Amino acid sequence: MSEPVTIQFAKHGAALKGVLIVLTDDTLGFGKATQKLLKPASGAIARAMDADRFKGKLGGALDLLAPEKLDTTRVVVLGVGKAAELKDSDYLRLGGIAAGRLPGGTREATIIIDLPGRSLPASAAAEIALGVRLRAYAFDRYKTKRKEGESEPTPLAVILQVADEGLAKRAWIAREAVADGVTLARNLVNEPSNVLDPPEFARRAEELRSVGVEVEVFDDEELARLGMRALLGVGQGSIKESRVVVMRWNGASAKSQPVAFIGKGVTFDTGGISIKPAAGMEDMKGDMGGAACVTGLLYALAARKAKVNAVGVIGCVENMPDGAAQRPGDIVTSMSGQTIEIINTDAEGRLVLADVLWYVKERFKPRFMVDLATLTGAILVALGQEYAGLFSNDDELAGHLAAAGAATGERVWRMPLGPEYDKLIDSRFADMKNTGGRNGGSITAAQFLQRFVDKTPWAHLDVAGTAMGSLSTDINKSWGSGWGVRLLDKLVADYYEG
Ligand code: BES
Ligand code: MN
Ligand code: ZN
């Protein structure tokens, strides 16, 4: 993959390299360091602002080409709006916008982190750098040709000039870990299923050992011994073996109860015998977006040495039709001992999660469990692609997730649970069935999961609308967005660390 951006820091006043990017607010003033720099061209810049009716609004930008008297080919003036109201999420966006303004083939750019009348927090530079990294990501490892006029992938160095280099560098260490975690999650989601099958997913998770994550991998034989018959039933039509991967980051004392994250890792979902229509089925390579997020999150927590004990467990299977595949009407016994009648083999994610949730609850007795799953098409009908669906048995956990969502822009919308919905999945032949009918499809799926969490504080995030086929934003142009890594890193940082 090309993610050829390196982030560097320098002090205000250091030599300029490449495209110059400066910040201004809605007064169209510049900070001291910027003023000094732009002085020889200040008249030209003022005229350009005027000619372009540039008002310094948040996210607005003005390009000046080959400015006379300045030693650069290009100046980008980036508006921040009301400087006093800037939040971390604004800096993040500004970094994305800045990166988006660089013409293809740019090798170097210098961003002056400076605004009139106030000194910026160290986090500002780090958030801008994170935005640059996320925006510059592209998954092009399978492209062997370029279109005409397309510039060749060039390594880009972005230098952030700051008042205090040491502070900014320290802030960046933690944010770089998150950038790398999001990148890992995006790569996993974008990867095709002939490459990323369950065993390969497990191998990629094992690479987290390099940052100090303990990784255990369970194969078919081990999973059978554990009694994960619901999960194994989904994988039994595939020639690929299934895998459950346990990742553990121990950043707090051994006595500290862990937090747990669980991910659906269906590396390809054909629907199985209840096969899906052909149109758009290729998107089902992304049906492991939940597991990708959990893997990226564990990477980020470990790489930034978060003071928390965190467990990440992913259930990786391939859902295929075959002579050996599971049938509608089959009844499987889950690890919990509860039996499940299979009505539709395409409702496979909940079968995978049922066993993994039960396993995590029993083995780790965590403070809470958050699962992420591209679980239902119905969540797209309900919420579109702006919010993930949030289902929870715990108001505090749900509140923390909502707050972290608002702060990071990875937003969640709480949906209902209740006995009226739960009874829709009672089965005539077994303890429950794996679908509850068309109405409230995301809710009955969540009800199903709730039958495997007991009293453990739990939240389920239905990320079918957010993890793949993602909206294009200032910080994301990728099909696989890596959704949830920033959200859950923030959840841990704000409420469960230390
Ligand atoms: N992986 C799909 C859900 C999905 C749909 C994710 C669209 C991303 C985009 C899931 O396994 C599935 O097939 N769900 C069925 C459930 C139904 C059979 C009860 C669905 O949503 O149609
Ligand atoms: Mn399915
Ligand atoms: Zn699925």
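Each remark here, short or long, concerns the structure printed above.
In what follows, the accompanying structure is described. Source: prediction; values computed, not measured. Residues take numbers from 1 onward in each chain, read along the sequence in its written order. For this description, chains carry letters from A and ligands carry numbers from 1, given in the order in which they are written. This being a predicted model, a pLDDT of at least 70 is required before a residue's local features are given, and a value of 80 or more before pairs of side-chain atoms are given or counted; all residues contribute to the totals for chains, interfaces and linings. With hydrogens and water set aside, each side-chain value is computed from the structure's full complement of heavy atoms.

**A word on the coordination of the zinc ion (ligand 3)**
- The protein atoms that coordinate the zinc ion (ligand 3) are K264 (NZ), D269 (OD), D287 (OD) and E348 (OE), at distances of 2.0 to 2.4 Å.
- Because the angles between the 6 donor atoms bound to the zinc ion (ligand 3) fall within 78 to 174 degrees, the donor set is best described as octahedral.
- Distances decide who is a donor: an N, O or S atom must be within 2.8 Å of the metal, or within 3.2 Å for Na, K and Ca. Water is not included, so sites may look incomplete. Taken in chain order, the donor set of the zinc ion (ligand 3) reads K-x4-D-x17-D-x60-E.
- Distance-wise, the manganese ion (ligand 2) is placed 3.1 Å from the zinc ion (ligand 3), both being coordinated by D269. In terms of burial, K264 and D269 fall into one category: buried. Irregular is the default label, applied whenever a site is not tetrahedral (four donors, all angles between 85 and 135 degrees) and neither square planar nor octahedral (four or six donors, opposite donors over 155 degrees apart, all other angles between 65 and 115). Exposure is judged per residue with a 1.4 Å probe applied to protein chains only, and the accessible area is read against the type maximum: over 50% gives exposed, under 20% gives buried, and values in between give partly exposed.

**A look at the coordination of the manganese ion (ligand 2)**
- The coordination sphere of the manganese ion (ligand 2) contains the protein donors D269 (OD), D346 (O), D346 (OD) and E348 (OE), at a distance range of 2.0 to 2.2 Å.
- All donors of the manganese ion (ligand 2) come from a single chain, and their spacing in sequence reads D-x76-D-x1-E.

**A word on the pattern of salt bridges**
- Any carboxyl oxygen of Asp or Glu that lies within 4 Å of a side-chain nitrogen of Lys or Arg is treated as forming a salt bridge with it. Under the definition given, this model contains 33 salt bridges.
- With a shortest N-O distance of 2.8 Å, R175 and E127 are connected by a salt bridge. With a gap of 48 residues between them, R175 in helix 5 (residues 165–190) and E127 in helix 4 (residues 122–136) connect regions that are remote in the sequence. Taken individually, R175 and E127 each receive the classification buried, so the pair is uniform in this respect.
- With its nearest N and O atoms 3.0 Å apart, the salt bridge here joins R451 to D422. Here R451 is found in the loop between helix 14 (441–450) and strand 17 (458–462), whereas its partner D422 is found in helix 13 (residues 419–422), with 29 residues between them in sequence. Only DSSP runs of H or I with at least four residues qualify as helices, and only runs of E with at least two residues qualify as strands; both kinds are numbered from the N terminus onward.

**Regarding the nonpolar core**
- We define a nonpolar core as any set of buried Ala, Val, Leu, Ile, Met, Phe, Trp, Tyr and Cys residues linked to one another through side-chain atoms lying within 4.5 Å. Residues M247, F261, V370 and L488 are the most contacted members of the largest nonpolar core, which totals 99 residues.
- By residue number, the principal contributor to this core is helix 9 (residues 289–303), which donates 10 residues.

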